[in-house]
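Architecture at a glance
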Amino acid sequence: MNPLPHSATTAVLAPPLDALPLKPDGFLKKLGPGLVTGAADDDPSGIATYSQVGAQFGYGLAWTMLFSLPLMAAFQAVCARIGAVTGAGIAHNLRRHYPAWLLRVVVVLLLVANVINLGADLGAMGAAAQLLVGGSGRLYTVVFGIVCILLETFLTYARYAAALKWLTLSLFAYVAVVFAAHVSWEAALRGTLVPHLVFDAPHAMALVAVLGTTISPYLFFWQSSQEVEEAHRRHVRPLRLAPREAASELARIRTDTIAGMGISNLIALFIILATAATLNASGVTEIQTSSQAAEALRPVAGPFAFALFAAGIVGTGLLAVPVLAGSAAYATSEVFQWVGSLDSSPRGAKAFYATIALATLGGVALNFSPLDPIKALYWSAVVNGVLAAPLMAVIMMIAANPRIMGRLTLPFPMKVMGWLATLVMAVVTVGFFVI
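A brief report on the enclosed structure follows. (Residues numbered from 1 in each chain as written. Predicted model: local features only at pLDDT ≥ 70, side-chain atom pairs only at ≥ 80, totals over all residues. Heavy atoms only, no water.)

**Points about the overall build of the chain**
- Looking only at helices and strands, the chain has 20 helices and zero strands in total.
- Against the 2.2 N^0.38 benchmark of 22 Å for 435 residues, the chain shows a C-alpha radius of gyration of 21 Å, consistent with a compact globule.
- Along the first, second and third principal axes, the C-alpha set of the chain runs to 65 × 50 × 45 Å.
- Taking all 435 residues of the chain together, the buried fraction comes to 58%.
- Within the chain, counting contacts between residues at least 6 apart in sequence, those at least 24 apart form 83% of the total.
- Summed over its atoms, the accessible surface of the chain is roughly 17600 Å², and 69% of this surface lies on carbon and sulfur atoms.
- Where the 25 positive side-chain charges of the chain centre and where its 20 negative ones centre are 11 Å apart. (Helix = DSSP H or I, 4+ residues; strand = E, 2+ residues; numbered from the N terminus. Rg over C-alpha atoms; globule rule 2.2 N^0.38 Å. Buried < 20%, exposed > 50% of the residue type's maximum accessible area, 1.4 Å probe, protein only. Contact = heavy atoms within 4.5 Å. Areas by Shrake-Rupley, 256 points an atom, 1.4 Å probe, with all protein chains shown as cover. Lys, Arg positive; Asp, Glu negative; His and termini not counted. Charge placed at Lys NZ, Arg CZ, Asp CG, Glu CD.)

Okay, here's the thing in structure tokens:
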């Protein structure tokens, strides 16, 4: 494809880190893929990680949420930019421009990690529902899996995207938990704003867990592909082909991504503060699942905080499960060049929706297997650790390649932040295996 004419350059090169447009009448309309992606990052597995950090270390590692925010936001913006500029997801660009073996390895690792995460999230949702209303946790797990498949398959994309955006409100249950607990705000602010570095194995492992949970490969594929979906819905051509539309579209992506990742890390911070103020303060320092965190809150913080925390697990799970299954389906469809869109009818995209169903049902099945869910999450973290840093490096090369991006390659500030995020994840991955 020929490069863009020189006259189009000024309409294209919008600086990536300039002030956000804050007109209230247009702000909410700018929120979409980035908001949903950020909210999905606070899935039940992530809640378990943040709960453990708060229970084990109190307010001491709250600063990691501020540290990870710019890295997470910058890299998700890179992924979103690839989708908007090329009109295709990450796997499609890998298939077109890089060796086939690389694509196959990436997608297989993604599928394995996603199915394990799906199993953990669905199991946590079932356990949380059991805590709230009684009954069988496994039955609720099956029901939640089927409901997620049906919603993702039979709702139109516009209604489905709107439903996901509304589900992000469930995250604010954790804000309410904080205000229902007795937080030492002086200690909380100090732990959030002042990094407290302790060089020992438990702190290092916690840092690895937080960063590995916050910057996850499935989010890369999801947001990139969702930008393609959004462009189709709004009849916007790939920005490489429509440079005059680039400035406004990239500004929308920037606003959406920063808002989504900001909310994501804010909620994660509130989970750490809530468990620090309740569990850690009461001597409960060992949490392995999000439902255990909810159950431990009941005698410490009261039934109201317990119910909010448990309900939040169900709400965030309903948001995260479709994202995990959807990212797997997008990647697989781009590998095999299937019709792959949530805007397609089930009859017109059978393989795409079959992948969503199989991935979700695979997660359900894990809850009926002898596999220990804690060990399963560990191996999911291993797979994500193996995949994250190399995949991030490849994504950065895609975003910097003028043959792929035309004149919309990454501006210098985004290059710096994207490669810094990649370096941090590489160090984290090495730390995961060494610690």
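Moving on, there is more to tell.
**Focus: the environment of Ala173**
- Residue placement: Ala173 occurs in helix α10 (residues 173-180).
- Residue Ala173 is classed as buried on the basis of its relative accessible area of 13%.
- In this structure, Ala173 is in contact with Leu308 and Gly312, ignoring residues within four places of it in sequence.

**Observations concerning the packing of α10 against helix α14 (residues 246-278)**
- In contact at an axis separation of 9 Å, α10 and α14 are set at 30° when each is read in the N-to-C sense. Relative to α14, the element α10 lies roughly parallel. Viewed along their axes, α10 and α14 form a crossing whose handedness is left-handed. Facing α10, whose interface residues are Tyr174, Val175, Val177, Val178 and Phe179, α14 presents Ile267, Phe270, Ile271, Leu273 and Ala274.
- Across the contact of α10 with α14, the residue classes break down as ten nonpolar, no polar and no charged. (Axes fitted to C-alpha atoms, helices over the stretch in contact; angles between N-to-C directions. Parallel < 35°, antiparallel > 145°, perpendicular 65-115°, else oblique. Left-handed = near helix turned anticlockwise from the far one by under 90°. Nonpolar A, V, L, I, M, F, W, Y, C, P; charged D, E, K, R; others polar.)

**Some points on the pattern of salt bridges**
- Taken as a whole and judged by the stated rule, the model has seven salt bridges.
- Close ionic contact of Glu230 with Arg233 constitutes a salt bridge, the shortest N to O distance being 2.9 Å. With Glu230 and Arg233 both in helix α13 (residues 217-233), this residue pair falls three residues apart, about one helical turn.
- By relative accessible area, Glu230 is classed as buried at 8%.
- For Arg233, a relative accessible area of 38% puts it in the partly exposed group.
- Close ionic contact of Glu249 with Arg234 constitutes a salt bridge, the shortest N to O distance being 2.8 Å. Taken together, the residues span a long stretch of sequence, with Glu249 in helix α14 and Arg234 in the loop between α13 and α14 at a distance of 15 residues. (Salt bridge = Lys/Arg side-chain N within 4 Å of Asp/Glu carboxyl O.)

**Observations concerning the nonpolar core**
- Counting 131 residues, the largest nonpolar core has Leu94, Phe220, Phe309, Leu342 and Ile395 as its most contacted members.
- If near-sequence neighbours (up to four positions away) are discounted, Leu94 is found in contact with Leu102, Leu103, Val106, Leu391, Val394 and Ile398. (Core = buried A, V, L, I, M, F, W, Y, C linked by side-chain atoms within 4.5 Å.)

**Remarks on the environment of Val394**
- Take Val394: it is sitting in helix α18 (residues 373-399).
- The buried category is assigned to Val394, whose relative accessible area is 9%.
- Taking the C-alpha atoms as reference, Val394 lies 33 Å from Phe270; in sequence the two are 124 residues apart.
- Leaving out residues up to four positions away in the same chain, Val394 has contacts with Leu94 and Leu102.

**Re helix α8 (residues 137-154)**
- Taking 1.5 Å as the rise per residue, α8 with 18 residues should run 26 Å; its terminal C-alpha atoms sit 26 Å apart, in good agreement.
- All of the buried residues along α8 are Gly137, Thr141, Phe144, Gly145, Cys148, Ile149, Glu152 and Thr153. Buried residues along α8 cover an arc of 155° about the axis, so they all sit on one side. Every exposed residue of α8 that faces more than 90 degrees away from the buried side is listed here: Leu139 and Phe154.
- For α8, the secondary structure elements touched by its buried residues are α7 (100-133), α9 (157-167), α13, α16 (303-336) and α17 (350-366). (Expected span 1.5 Å × (residues − 1). Arc of directions from axis to C-beta.)

**Topic: a nonpolar patch on the surface**
- A cluster of nonpolar side chains, namely Leu66, Leu189, Leu193 and Val194, defines an oily patch on the protein surface of about 390 Å² accessible area.
- Residue position: Leu193 is located in helix α11 (residues 185-193). (Patch = residues over 30% accessible without salt bridge, like charges linked within 9 Å, V, L, I, M, F, W, Y side chains within 5 Å.)

Note that all results are geometric; they support no functional claim without further evidence.
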